[in-house]
Amino acid sequence: MSIGKDDPRLTAYALGEMDDPADRAAFEKEIEGDPSARAEVEAIRAVAAALKGELAAEPAPGLTDAQRASVERGPHRGIPWWIVPLAAGALVAVTLAYNAARRDPEAMEVAHKERDEQAARERTWEYERRTLENTQNRRHEVLHEEPRPDAYGKDFDVEVDAVAPVVELAGDVPAGRRDPSDPEPPPPPSDTGSPPLVVESRLRVERGVPGPVLDPAAGVPVQLPGRAALLDDTASPPSPGAEAYDRTVDNPFRLVAEADTSTFSIDVDTASYANVRRFLLAEGRLPPPDAVRIEEMVNYFDYAYEPPSPGPHPFAARVEVATCPWNARHRLARIALKGRVFEMKQRPPTNLVFLLDVSGSMRPANKLPLVRQAMHLLVDQLDEGDSVGIVVYAGAAGLVLPPTPADRKAEIRAALDRLEAGGSTNGGQGIQLAYDLAAKHFIKGGVNRVILATDGDFNVGISDRGSLTRMIEEKAKSGVFLSVLGVGTGNLKDAMMEELSNKGNGNYAYLDSLKEAEKVLVRQAAGTLVTIAKDVKIQVFFNPRTVAAYRLVGYENRLLAKEDFNDDTKDAGEIGAGHSVTALYELVPAGADVPGPRVDPNPFVAAPAKPAETPVADPEALFRLRLRYKAPEGDTSTLMESDVRDGRRAFHEATADFQWAAAVASFGMALRDSPHRGGMSFPAILEIAKGAVGRDDDGTRAEFLAMVEAAQRLSAR
Amino acid sequence: MKGHDQDGRDWIAEALRLHEGPLVRYAARITGDLELARDIVQDCFLRLCRQRREELDGHLKEWLFKVCRNRAFDFLRKARRMDAGTNDLVDLDRTPGAGPAPLERAEASEDARRLLAVLADLPERQQEILRLKFQEGMSYRQISAVTGASIGNVGVILHGAIRTLRARLGDGTVPTRRQA
């Protein structure tokens, strides 16, 4: 009986795989008298040796150093693996760009500019590096703040502290402020033939925004072309390679006698702050005034507002009133909303579709690479039950990753890492595809959100703003929410992105750094992803007995008609889990002078707005605060309202958060060169802010101080 | 506590030292994409960091290769599904699995080239098991644990693969030479 050559025992024996000694002995006995079987064994061993030798020589490249380092740190320890190679890549790219510019003999002018930009980039680099270190140090800390003992008030409280006499301490009023009785310089004329869209050139120096500039000495609008206008004749109409901001005119004082109601939509966006920071700290120049949206700067910060107590309302609303720091005769009222806090763990199942712009303009390190890092950060926090899909758009829109369970992170990561920028942008098609995908995988009662990351430079397909926003508005009705992450410099279409997020039941953040991505997508992930109330509107009825005039600070592009408040078809802003929203009103008390020009009374009409003899509301109140909101999936709104009195606090008696918000608003007004900025110089702002820093767990407040200092230096030049 | 932590780190470092390269090579064979393979392997090790060491003692290697294999095939399945189901959607380039295998050697002797060429013609399943056996030095039992094939089946596949190899190397391209 001989052993067939098909007998796998031959190979097993040849390779020493016969573990059982009895089997082996029996097999050895069998082949002893079978030379052909023994030859087979030898032949198998020969092939095996050849294979071993050849295969052992095949390279085994292993992980990248950064990947290995990340493993050695273990999961969730230190910075994620993909940061290091990218950061290193950015540095190399900077150096190469610089050398390339030096070699080009035809572009001395350009090279000169490149060097300046290089310096700016190096600052960016240094800033990024520090940011990374901070991020690393902070990664394991508990990221939500304990309520501070000085958090003011209960749910929907009004100021009722012991009536203190109205004593204005000198400390409240920074030296050198303008006498409020002086006429304010007129605001820059809004119509001087320049287009409403102010285009900022990449070549501009200083605050070289083409268009009317207010000469502080003369108090008269003068045309100040600056170097930018000389170098760049494409300032109008908008050209590629230019950042675009909508013109914003600060809200004026309104007389309560003429307009006793103020209505606006809340706004939790923070994009403007991050963008301003990019100008001041990374690029070392003052931001164009229209890039500064004061409400977004104020809302950038975490405030120790207490979340709502368990009850019917998803957020708490509180009001605090104190002396206005930039005009001691005025009062400043702060309306503070705080959304119910969700831990990421308690969050409902999440269906996310990333819609990523991979057009050619996204190639720089601060765009697609940053977006990729940001998306990795977000993916890190998702798990089973969540899903992620990825759609890209460039020349054509494409599906990169169908919705994939979020515990399959390697696939999601791999898909992200394969993205490359190239082509021109057809945003419309991508938006369509992303929403279709999100709708197809809609999780009822869960989080359904499209996350759009772009520099906003839509230039193919539906690219006119009207059609795009109409499309988003339509898509938002499907219950899919939108987050817009703006990136990049040079051709940032800020206004477009803000509008998209507003129409799309969304929020808008500008990512100037990985640190910012970490704030938006890690620490405030629940707020970014989970909407707890939508179409949140604020309406204030002023009491003519106590208030002569008022001015809403910021929110210029969020104003609503008073009829819109009760109109549930009118869209407004959303509040995310744990979000805080702050709005400031500067109030001119009854009897005080109202700044600004007067409107003559209409001779056909009796003097308007006489106080009611017996008001239904609290006659001593400053105003009645009213809020409307809808549940995230609801269609009808809920009303909250309460009358608010003045506690007659001096500014220094206000809570630290109040002082901080006031300092940030002042800073915004100073950067905008607002006609209402009063006497607040940068040093005065800095002084207030320094006294109100409080707990600064994430370092954002320290960073604000650095921004004020930078602005002071830059404006002194 | 700290000592324990340090032990854990040493364990991971040792696992990296021993298996990182082979795992990436293995995953790259399956996916045809080195970068993807790296991500998969990194993910394997990150999963390893969350495992209890006691539970893996004695079969760490199999565990790593098995996790790696599952992730790689998951990815391939998904990629193929995408190819099949993306009618109106434009596929991006760099579909995983496409393109040349990333691990070609620069120079090899004539014999070695022939051996590798014949190896490359074998069915994927045979190639995989040959590699696990002769490249990674795994036993039948380990290969069984990684691939899910029974130990007997591993033996049969391996035996068949070696016979085919020998036949093709022995006389050019004639597949088999049956024993009378």
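Predicted, not measured: the structure shown is a model, and the values here were computed from it.

Another point: the overall build of chain B. Looking only at helices and strands, one finds eight helices and zero strands in chain B. For chain B, the N- to C-terminal ordering of α and β elements is α-α-α-α-α-α-α-α. Burial status across chain B gives 50% buried among its 180 residues. Look at the contacts in chain B between residues 6 or more apart in sequence, and 62% of them connect residues 24 or more apart. Surface accessibility of chain B: about 9,300 Å² in total, with carbon and sulfur atoms responsible for 50%.

Here we take up the confidence of the model for chain A. Where the model shows low pLDDT, its predicted coordinates should not be examined in detail. Residue and element names in this part refer to chain A. Taken residue by residue, chain A gives an average pLDDT of 74. The fraction at 70 or more is 73%. In this model residues 76–116 is a low-confidence stretch, pLDDT under 50, and it forms 49 contacts with partners more than four residues away in sequence or in other chains. Note that pLDDT drops below 50 for residues 121–241; the model gives that stretch 207 contacts with residues more than four away or on any other chain.

A few words now on the pairing of strand E14 (residues 506–511) of chain A. All names here are of chain A. Burial runs high along E14: six of the six residues are buried. With burial as the criterion, each face of E14 is covered, one bearing Gly506, Tyr508 and Tyr510 and the other bearing Asn507, Ala509 and Leu511. Across six bridges, strand E13 (residues 481–487) lies against E14 in parallel orientation. Bridge pairing in E14 places Ser483 opposite Asn507.

For the rest of this paragraph, the subject is helix H8 (residues 271–282) of chain A. All names here are of chain A. With twelve residues, H8 should reach 16 Å at 1.5 Å per residue; the first-to-last C-alpha distance of 16 Å fits that figure. In terms of burial, H8 is a largely internal element, twelve of the twelve residues being buried. Of the positions making up H8, those classed as buried are Ala271, Ser272, Tyr273, Ala274, Asn275, Val276, Arg277, Arg278, Phe279, Leu280, Leu281 and Ala282.

Attention shifts here to the packing of H8 of chain A against helix H19 (residues 700–716) of chain A. Residue and element names in this part refer to chain A. The N-to-C vectors of H8 and H19 enclose an angle of 50°; their axes lie 9 Å apart at closest approach. Relative to H19, the element H8 lies oblique. Here H8 runs over H19; the crossing is left-handed. Residues Tyr273, Val276, Arg277, Leu280 and Leu281 of H8 lie in contact with H19, whose contacting residues are Thr700, Glu703, Phe704, Ala706, Met707, Ala710, Ala711 and Leu714. Partitioning the contact of H8 with H19 into residue classes produces ten nonpolar, one polar and two charged.

Bringing the nonpolar core into the picture now. Membership of the largest hydrophobic core comes to 77 residues, with the highest contact counts inside it found for Leu337, Phe354, Leu356, Met375, Ile390, Tyr585 and Phe623 of chain A. Judged by nonpolar contacts, the second largest core, of 68 residues, contains Val24, Leu130, Ala149 and Ile157 of chain B.

For the structure shown, the criterion picks out 19 aromatic pairs over all chains. Ring centres of Phe667 of chain A and Phe682 of chain A lie 5.9 Å apart, and the angle between their planes is 70°; on these two criteria the pair is classed as edge-to-face. With Phe667 of chain A in helix H17 (residues 656–672) and Phe682 of chain A in helix H18 (residues 682–691), the pair connects residues that are 15 residues apart, well separated along the chain. Each ring, one from Tyr26 of chain B and one from Phe65 of chain B, has its centre 5.2 Å from the other, and the planes form 50°; the classification is tilted. One end of the pair, Tyr26 of chain B, is in helix H1 (residues 2–31); the other, Phe65 of chain B, is in helix H4 (residues 60–84), and 39 residues separate them in sequence.

Take the interface of chain A and chain B next. In this complex, chain A contributes 60 residues to the contact, which on the side of chain B involves 59 residues. Taken together, both faces of the contact between chain A and chain B bury some 5,200 Å²; the carbon and sulfur share is 62%. On the chain A side of the contact with chain B, Leu55, Glu58 and Arg418 of chain A bury the most area, a combined 12% of that side's loss. For the pair chain A and chain B, the number of links is six salt bridges. Note that Glu20 of chain B and Arg68 of chain A form a salt bridge whose closest N and O atoms lie 2.6 Å from each other. Our count for the contact surface shared by chain A and chain B stands at 17 residue pairs in polar contact (both at pLDDT 80 or more). Listing elements by their share of the side of chain A that touches chain B, those giving two or more residues are helix H1 (9–14), helix H3 (35–56), helix H4 (65–73), strand E11 (397–405) and helix H11 (409–417) of chain A. Take the side of chain A that touches chain B: its biggest share by element is eleven residues, from H3 of chain A. Within the side of chain A that touches chain B, the residues separate by chemical class into 32 nonpolar, nine polar and 19 charged.

Residues and elements named next belong to chain A. Taking 1.5 Å of rise per residue, 22 residues should cover 32 Å, and H3 covers 31 Å from first to last C-alpha, within 8% of that figure. Three or more residues of H3 are buried, namely Ala37, Glu40, Val41, Ile44, Val47, Ala48, Leu51, Glu54 and Leu55. Burial along H3 is one-sided: seen end-on, the buried residues are contained in an arc of 160°. Along H3, exposed side chains directed more than 90 degrees from the buried face belong to Pro35 and Ala56.

Let's shift gears to the pairing of strand E16 (residues 547–553) of chain A. Residue and element names in this part refer to chain A. In terms of burial, E16 is largely enclosed, as seven of its seven residues are buried. Bridge count for strand E5 (residues 254–255) against E16 is two bridges, and the pairing is antiparallel. Following the sheet pairing, Leu255 is matched in E16 by Ala549. As defined by bridge partners, E16 adjoins strand E18 (residues 580–589) across six bridges and the pair is classed as antiparallel. When the bridges of E18 are listed, Tyr550 appears paired with Leu587.

Before going further, it helps to examine the side chain of Asp643 of chain A. Residue and element names in this part refer to chain A. Mapped onto the elements, Asp643 comes out in strand E20 (residues 638–644). Overall, the relative accessible area of 16% leaves Asp643 in the buried class. In terms of polar contacts, Asp643 uses its side chain to reach the side chain of Arg624, at 2.6 Å.

The next subject is the confidence of the model for chain B. All names here are of chain B. Of all residues in chain B, 74% attain a pLDDT of 70 or more, and the chain-wide mean is 75. Note on residues 83–107: pLDDT under 50 across the span, and 41 contacts to partners over four residues away in sequence or across chains. Low pLDDT, under 50, characterises residues 171–180; the stretch is placed with twelve contacts to residues that sit more than four places away or in other chains.

This next bit is on the sheet that holds E16 of chain A. All names here are of chain A. The five strands are arranged E5-E16-E18-E8-E7 in an open sheet whose pairing can be described as antiparallel. With one partner strand each, in any of the chains shown, E5 and strand E7 (315–323) form the two edges of the open sheet. Here E7 runs beside strand E8 (residues 331–339); their pairing, made up of nine bridges, is antiparallel. Residue pairing in the sheet places Ala316 in a bridge with Lys338 of E8. Along the sheet, H17 makes contact with E7, E8, E16 and E18, crossing E8 at roughly 110°.

Here the focus is the pattern of salt bridges. Pairing is possible between side chains of opposite charge, provided their charged atoms come close. Residue and element names in this part refer to chain A. Taken as a whole, this structure holds 55 salt bridges over all chains when the rule is applied. A salt bridge links Glu703 to Lys515; the nearest nitrogen and oxygen atoms lie 3.3 Å apart. Of this pair, Glu703 sits in helix H19 while Lys515 sits in helix H15 (residues 514–523), and the two are 188 residues apart along the sequence. Of the two residues, Glu703 and Lys515, both sit in the buried class. Note that Arg551 is salt-bridged to Glu586, the shortest N-O span being 2.9 Å. In this pair, Arg551 sits in strand E16 while Glu586 sits in strand E18, placing the two residues 35 residues apart along the sequence. Owing to a relative accessible area of 2%, Glu586 belongs among the buried residues under this scheme. One network of salt bridges, with partners in common, ties together Asp267, Asp269, Arg293, Glu296, Glu498 and Arg558.

So, about the packing of H17 of chain A against H19 of chain A. Residues and elements named next belong to chain A. The geometry of H17 relative to H19 is characterised by a closest axis approach of 12 Å and an angle of 30° between their N-to-C directions. Taken together, the axis directions place H17 and H19 in an arrangement best described as roughly parallel. Of the two possible hands of crossing, H17 and H19 adopt the one that is left-handed. Every residue of H19 that contacts H17 at Asp657, Trp660, Ala663, Val664, Phe667 and Leu671 is listed here: Arg701, Phe704, Leu705, Met707, Val708 and Ala711.

Thresholds, definitions, all that
- Residues numbered from 1 in each chain as written.
- Chains lettered and ligands numbered in written order.
- Predicted model: local features only at pLDDT ≥ 70, side-chain atom pairs only at ≥ 80, totals over all residues.
- Heavy atoms only, no water.
- Helix = DSSP H or I, 4+ residues; strand = E, 2+ residues; numbered from the N terminus.
- Buried < 20%, exposed > 50% of the residue type's maximum accessible area, 1.4 Å probe, protein only.
- Contact = heavy atoms within 4.5 Å.
- Areas by Shrake-Rupley, 256 points an atom, 1.4 Å probe, with all protein chains shown as cover.
- pLDDT = per-residue confidence, 0-100.
- Pairing = 2+ DSSP bridges.
- Expected span 1.5 Å × (residues − 1).
- Axes fitted to C-alpha atoms, helices over the stretch in contact; angles between N-to-C directions.
- Parallel < 35°, antiparallel > 145°, perpendicular 65-115°, else oblique.
- Left-handed = near helix turned anticlockwise from the far one by under 90°.
- Nonpolar A, V, L, I, M, F, W, Y, C, P; charged D, E, K, R; others polar.
- Core = buried A, V, L, I, M, F, W, Y, C linked by side-chain atoms within 4.5 Å.
- Phe/Tyr/Trp six-rings, centres within 6.5 Å; stacked < 30°, edge-to-face > 60°.
- Buried area = accessible area lost by both parts, 1.4 Å probe.
- Salt bridge = Lys/Arg side-chain N within 4 Å of Asp/Glu carboxyl O.
- Polar contact = N/O pair within 3.5 Å; in protein donor to acceptor, adjacent residues only side chain to side chain.
- Arc of directions from axis to C-beta.

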